[in-house]
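# Fold and contact review
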Protein chains: 2
Amino acid sequence: MTTTLKDIAKQLKTSVSTVSRALQNHPRISAEKTKKIQDLARELDYQPNSFAINLKKKTSKTLGVIVPELSLHFFSEILSGMDETAHRNGYQLLICQSGEKVEREKEQIQNLYKANVDGILVAVSKETSNFGNFDLLRKKGFPVVLFSRTHPNFPSVHSDDINGGFLATKHLIQQGCKTIAHIAGPWHLYATKDRQNGYLKALETYHLPINQSLIIHSDLEKESNIEAVHQLLNREQNFDAIFCFNDYVAYDIIQVLKEKQIITGKDVLIVGFGNQPISTQMEPKLTSVDQQPYQIGIKSIEMILNSINSKIETSIKQTEILETMLIVRNSTYH
Amino acid sequence: MTTTLKDIAKQLKTSVSTVSRALQNHPRISAEKTKKIQDLARELDYQPNSFAINLKKKTSKTLGVIVPELSLHFFSEILSGMDETAHRNGYQLLICQSGEKVEREKEQIQNLYKANVDGILVAVSKETSNFGNFDLLRKKGFPVVLFSRTHPNFPSVHSDDINGGFLATKHLIQQGCKTIAHIAGPWHLYATKDRQNGYLKALETYHLPINQSLIIHSDLEKESNIEAVHQLLNREQNFDAIFCFNDYVAYDIIQVLKEKQIITGKDVLIVGFGNQPISTQMEPKLTSVDQQPYQIGIKSIEMILNSINSKIETSIKQTEILETMLIVRNSTYH
DNA sequence: TTGTAGGCGTTATCAG
DNA sequence: CTGATAACGCCTACAA
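Let us look at the structure shown here.

Reading guide: rules and limits
- Residues numbered from 1 in each chain as written.
- Chains lettered and ligands numbered in written order.
- Predicted model: local features only at pLDDT ≥ 70, side-chain atom pairs only at ≥ 80, totals over all residues.
- Heavy atoms only, no water.
- Helix = DSSP H or I, 4+ residues; strand = E, 2+ residues; numbered from the N terminus.
- Rg over C-alpha atoms; globule rule 2.2 N^0.38 Å.
- Buried < 20%, exposed > 50% of the residue type's maximum accessible area, 1.4 Å probe, protein only.
- Contact = heavy atoms within 4.5 Å.
- Areas by Shrake-Rupley, 256 points an atom, 1.4 Å probe, with all protein chains shown as cover.
- Lys, Arg positive; Asp, Glu negative; His and termini not counted.
- Charge placed at Lys NZ, Arg CZ, Asp CG, Glu CD.
- Near = heavy atom within 4 Å.
- Polar contact = N/O pair within 3.5 Å; in protein donor to acceptor, adjacent residues only side chain to side chain.
- Nonpolar A, V, L, I, M, F, W, Y, C, P; charged D, E, K, R; others polar.
- Pairing = 2+ DSSP bridges.
- Axes fitted to C-alpha atoms, helices over the stretch in contact; angles between N-to-C directions.
- Phe/Tyr/Trp six-rings, centres within 6.5 Å; stacked < 30°, edge-to-face > 60°.
- Lys NZ or Arg CZ within 6 Å of the ring centre and 35° of its normal.
- Core = buried A, V, L, I, M, F, W, Y, C linked by side-chain atoms within 4.5 Å.
- Buried area = accessible area lost by both parts, 1.4 Å probe.
- Salt bridge = Lys/Arg side-chain N within 4 Å of Asp/Glu carboxyl O.
- Expected span 1.5 Å × (residues − 1).
- Arc of directions from axis to C-beta.
- Parallel < 35°, antiparallel > 145°, perpendicular 65-115°, else oblique.
- Left-handed = near helix turned anticlockwise from the far one by under 90°.
- Least-squares fit on C-alpha atoms with pLDDT ≥ 70 in both.

### Quick look at the overall build of chain A
Counting its regular elements, chain A contains 13 helices and 12 strands. Computed over C-alpha atoms, the radius of gyration of chain A comes to 26 Å, more than 25% over the 20 Å expected from 2.2 N^0.38 for 334 residues, which places it beyond the range of a compact globule. Dimensions along the principal axes, computed over C-alpha positions, put chain A at roughly 90 × 40 × 35 Å. Within chain A, buried positions represent 54% of all 334 residues. Excluding contacts between residues fewer than 6 apart, the proportion of contacts in chain A whose partners are at least 24 apart in sequence is 71%. Carbon together with sulfur atoms contributes 51% to the accessible area of chain A, which is approximately 15,300 Å² in total. Distance from the positive charge centre (38 side chains) to the negative charge centre (36 side chains) of chain A: 11 Å.

Okay, structure coming up:
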């Protein structure tokens, strides 16, 4: 049996409320009695029942987090930052994954809501195009923060992908490249537009022609990536660089180039995005844009705690955009 | 305001208990009334208050999980399996990390315990040598399952590292290697002993001499790994293969060999352990022992649910050992 | 300074 | 079939 306030009260022949107060160091309880109570509590290894406290206080000090895929390094890095920050603030994390399925995502939102978490953070699944679920929550004044995979209508934390795309492309231009291709992601991801816009902006800024046939969209699956390079290779016009939507795309691309005896970093320069572990593990090491996932985690928690703690209208649209930076490695540097 | 049973009762001029029963499809409530109540509940978007239910039922349908590092792929893969299985069984996961610190681990155990989770799963931190915290919990009859980083006195789920080491070494022997070095992990990890024992067993089985100077321990940090190869290279006697404690060690080793113009897969064969993404991303691709982390996650949850649901003494020592298998790639195959 | 009483939202027991 | 009533463990006016 776990010990309760009542147990302590009974043993000390006092009342539950006195015990409760003593344990909270309430000033109006005599020092003597307080000590006695606290000692006994320690002795009996008293643990306040969180259910009762939650019920009373209507708060669980728990936040729900939904990620598409727990095992994607980018997300686990974010979670790491979240965990750190949440704990520093006395919160715990109820973490679950959507598996990139809208249905599952919806279900998880329900679960978390039912579990009475104090707020929900989510990186939306690839499939999600309808944000009704989130809107419903917000309508109820329930704190929601989107991170990484976001939507302009919600409080969000994500990296500055536009500038990331710009930096990547600018770097290629400065390395002397004239014909820079871009393998873009699927349209429904916000990041796709942003990275592509950064790419376009750099071309404009440095007065290079924009050629739509140099922009190829991939659904990010391996086959699609390979198909994308082939498309580029089959054009009559040559290219001397590729800015890839992410590091995994870059990896796949480079494998194909290798087969064709095209040397990355010399014949063709490649830049990835995400600065994932793969970028330093592959050969050649990949120049990539860092997104500070750990920081994304920290900022997301801070934002939601902010909206939980301020009784102010939580619907103020808030967006935190984290700086991206280019990490130069051998794939663009000979 | 969120709606409660009382609200519904009031509107329908009935009692709270009737509403409660109707919502649970209790057989002794008239079909008509049940329908009316359920309809209104849906309309008002009634959500049962989990705090109250938990308080009443003394169970939270929540499991606590502690991992050393959320962003290590091996663990996030395990978590993925856990999440899947937990949800299928109606449980949620409170996930946190120890950062490989005993202090932090202890704190997290306390947090989870206070949060009234129904059980705790943990992969112990590297620093942990004293299992007192876990013993305390077990003494109270509190369900604890260790996974991956385990201890023989507790219910555990981990991979068959002995056989993994055996398979890896046997493979090297069958590839014709005669002088096989082993870069082992730090002693306090159980896996270290197991993998090394597997290695020794294979040498014995195939009648190869055991040479202690071929076994070098590393603390798994990069410097330590590099130091380890150097030690091997400086021996008077040559070696033709290295079985590494894990894939990251293998990666570091291979980098050093490359610098020395020693060709992996030809001059020296290398086997890693873990079959992590890095093993297919590096060049050459690494032969490695797969540990089925996703399965570890599944089995761990099943084990703890088992001990939660069976009122039988939870202290039955239980151990689930998952099969390992060798994945052959270019680092041992020319 | 301390105790009593009521309530948080649900469930379960016991009458009716 | 339905409705009080108590209880889960804790907190907090309000009294004393």
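There's plenty left to go through after this.
### Focus: the protein's contact with DNA strand D
Not every one of the 24 residues close to DNA strand D is listed here, only the nearest: Tyr46 of chain A together with Thr14, Thr18, Arg21 and Lys58 of chain B. The share of sugar and phosphate among atoms of DNA strand D within 4 Å of the protein is 67%. Interatomic distance of 3.2 Å between a backbone N/O atom of Asn49 of chain A and a phosphate oxygen of DNA strand D. Thr14 of chain B is positioned such that a nitrogen or oxygen atom in its side chain is 2.6 Å from a phosphate oxygen of DNA strand D. Listed by contribution, the elements that provide at least two residues to the surface near DNA strand D are helix H1 (5-11), helix H2 (16-23) and helix H4 (50-57) of chain A together with helix H2 (16-23) and helix H4 (50-57) of chain B. Here the residues of the surface near DNA strand D are counted per class, giving 7 nonpolar, 9 polar and 8 charged.

### Considerations on the sheet that holds strand E6 (residues 180-184) of chain B
Strand pairing in a sheet takes place through backbone hydrogen bonds and is either antiparallel or parallel in direction. Residue and element names in this part refer to chain B. Taken in spatial order, the 6 strands line up as E7-E6-E8-E9-E10-E12 in an open sheet, and their pairing is mixed. Across the chains shown, the open sheet's two edge strands, defined by having one partner strand only, are strand E7 (215-217) and strand E12 (325-327). Across the sheet, the mean angle from the axis of one strand to that of its neighbour is 20°, orientation sign disregarded. Here E6 runs beside E7; their pairing, made up of 3 bridges, is parallel.

### Here we look at the packing of aromatic side chains
Scanning the model with the defined rule gives 13 aromatic pairs over all chains in all. Plain terms: the ring middles of Phe74 of chain A and Phe75 of chain A are 5.5 Å apart, the flat faces sit at 65° to each other, and that makes the pair edge-to-face. Since its relative accessible area comes to 2%, Phe75 of chain A is described here as buried. The rings of Phe131, Phe134 and Phe154 of chain A are connected pair by pair, giving a single aromatic cluster. Here Lys193 of chain A stacks its cationic end above the ring of Tyr190 of chain A, 5.4 Å away from the centre of that ring. One Lys or Arg, Arg195 of chain B, reaches over the ring of Phe273 of chain B and ends 3.9 Å from the middle of that ring.

### Thoughts on the nonpolar core
Grouped together as the largest cluster of nonpolar side chains are 50 residues, with contacts concentrated most on Phe147 of chain A together with Phe147 of chain B. Residues within four places of Phe147 of chain A in sequence aside, it is in contact with Val65, Ile66, Val67, Phe75, Ile78, Met82, Leu121, Val122, Ala123, Val157, Ile296 and Ser300 of chain A. Counting 45 residues, the second largest nonpolar core, distinct from the first, contains Ile173, Leu208, Leu220 and Ile278 of chain A.

### Comments concerning the interface of chain A and chain B
The interface is formed by 50 residues belonging to chain A together with 50 residues belonging to chain B. Here chain A and chain B share an interface that buries about 3,900 Å² over both sides, 49% of which is from carbon and sulfur atoms. Contact with chain B buries surface across chain A, with Phe51, Gln92 and Gln281 of chain A losing the most and accounting together for 18% of the total. A salt bridge links Arg104 of chain B to Glu84 of chain A; the nearest nitrogen and oxygen atoms lie 3.5 Å apart. Across the chain A-chain B interface, the total number found is 21 residue pairs in polar contact (both at pLDDT 80 or more). Sorting the residues of the side of chain A that touches chain B by element identifies H4, helix H5 (73-88), strand E2 (92-97), helix H6 (102-114), helix H11 (247-259) and helix H12 (278-281) of chain A as the ones contributing at least two each.

### A few points about helix H10 (residues 222-233) of chain A
For an α-helix the count is 3.6 residues per turn, leaving residues at separations of three or four pointing the same way. Residues and elements named next belong to chain A. An ideal rise of 1.5 Å per residue puts 16 Å on 12 residues; H10 measures up with 17 Å between its terminal C-alpha atoms. Listed as buried for H10 are Ser224, Asn225, Ala228, Val229 and Leu232. Looking down the long axis of H10, one finds its buried residues gathered within 140° of arc, a one-sided arrangement.

### Side note on the packing of helix H1 (residues 5-12) of chain B against helix H3 (residues 31-43) of chain B
All names here are of chain B. It is at 10 Å that the axes of H1 and H3 come closest, and there the two elements cross at 125°. Here H3 runs oblique to H1, going by the angle between their axes. Of the two elements, H1 crosses H3, and the hand of that crossing is right-handed. Residues Ile8, Gln11 and Leu12 of H1 touch H3, and the partners they reach there are Lys36, Ile37, Leu40 and Ala41. Residue classes in the contact of H1 with H3 are distributed as 5 nonpolar, 1 polar and 1 charged.

### Some points on the relation of the copies chain A and chain B
Its rotation angle being 180°, the transformation that places chain A on chain B also includes 0.0 Å of axial translation and leaves an RMSD of 0.0 Å. As the rotation angle and translation indicate, the two copies are arranged about a two-fold axis. Looking at chain A, 100% of its interface residues are interface residues in chain B too, so the copies touch through the same face.

### Examining the packing of H6 of chain A against helix H7 (residues 132-139) of chain A
All names here are of chain A. Running from N to C, H6 and H7 cross one another at 20°; their axes reach a closest spacing of 10 Å. When the axis of H6 is compared with that of H7, the two are roughly parallel. Every pair of crossing elements has a handedness; the one defined by H6 and H7 is right-handed. Contact residues: Glu105, Lys106, Ile109 and Tyr113 in H6; Asn133, Phe134 and Leu137 in H7. Tallied by class, residues from the contact of H6 with H7 come to 4 nonpolar, 1 polar and 2 charged.

### Here's the deal with the protein's contact with DNA strand C
Around DNA strand C sit 27 residues in total, of which Thr14, Ser17, Thr18 and Arg21 of chain A together with Tyr46 of chain B are the nearest. When atoms of DNA strand C within 4 Å of the protein are sorted by moiety, sugar and phosphate together comprise 59%. One nitrogen or oxygen atom from the main chain of Leu5 of chain B is found 2.8 Å from a phosphate oxygen belonging to DNA strand C. Those elements that provide at least two residues to the surface near DNA strand C are H2 and H4 of chain A together with H1, H2 and H4 of chain B.

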